[in-house]
Amino acid sequence: MIILGLILLLLGYFLHISLLWTIGIILLIIGAVLWIAGSVGRPVGGRRHYW
């Protein structure tokens, strides 16, 4: 999810499409939250580790 957010963020920046920029930022934030929650040992979506 973090990689997809980064790709959309870059595409939105270079193509000047604000919708892709916004979606990219949202996906980066969600991916970072899930990554942090999974790394501290908290189950995310029924899984012990989030990749």
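Treat the numbers as computed from the prediction; the structure is a model and nothing was measured.

## Quick word on helix α1 (residues 2-15)
Piece 1. A rise of 1.5 Å per residue sets the reference length of α1, with its 14 residues, at 20 Å; its end C-alpha atoms lie 20 Å apart and thus fit the reference within 8%.
Piece 2. When α1 is considered as a whole, its buried residues turn out to be G5, L8, L9 and G12. Mapping the buried residues of α1 onto a view down its axis gives an arc of 105 degrees, with all of them on the same face. Those residues of α1 that are exposed and aimed more than 90 degrees away from the buried face are I3, F14 and L15.
Piece 3. Contacts from the buried residues of α1 go to α2 (18-39).
Piece 4. Backbone geometry just after α1 places H16 at a positive phi near 60 degrees.

## Overview of the packing of aromatic side chains
Piece 1. One pass over the full model with this rule turns up two aromatic pairs.
Piece 2. Ring geometry for Y13 against F14: centres 5.3 Å apart, planes inclined by 75 degrees, an arrangement best described as edge-to-face.
Piece 3. On the accessibility criterion, F14 (60% relative accessible area) is exposed.
Piece 4. Centre to centre, the rings of Y13 and W21 are 6.1 Å apart; their planes meet at 40 degrees, and the pair counts as tilted.
Piece 5. By the ring-pair criterion, three or more aromatic residues cluster together here, those being Y13, F14 and W21.

## Quick notes on the environment of L20
Piece 1. By the element assignment, L20 lies in helix α2.
Piece 2. Sequence-wise, L20 and L9 are eleven residues apart; in three dimensions their C-alpha atoms are separated by 6.2 Å.
Piece 3. Sequence-distant contacts of L20, defined by excluding residues within four places in its chain, comprise L8, L9, L11 and G12.

The rules behind the values
Residue positions are given per chain, counting from 1 as you read along its sequence in written order. Totals for whole chains, interfaces and linings use all residues, but because this is a predicted model, local features are given only for residues with pLDDT of at least 70 and pairs of side-chain atoms are given and counted only at 80 or more. Side-chain calculation: all heavy atoms of the structure are included, whereas hydrogens and water are not. Segments assigned H or I by DSSP are reported as helices when at least four residues long, segments assigned E as strands when at least two residues long, and all are numbered from the N terminus. A helix is expected to span 1.5 Å for every residue after the first. Each residue is assigned to one of three classes by its accessible area relative to the maximum for its type, calculated with a 1.4 Å probe on protein chains only: buried under 20%, partly exposed between the two thresholds, exposed over 50%. Our arc is simply the arc of the directions from the helix axis toward the C-beta atoms. Only heavy atoms matter for contacts: two residues are in contact if any of them lie within 4.5 Å across the pair. Here a pair means two rings of Phe, Tyr or Trp (six-membered ring of Trp) with centres within 6.5 Å. Their orientation is stacked below 30 degrees between planes, edge-to-face above 60, and tilted elsewhere.

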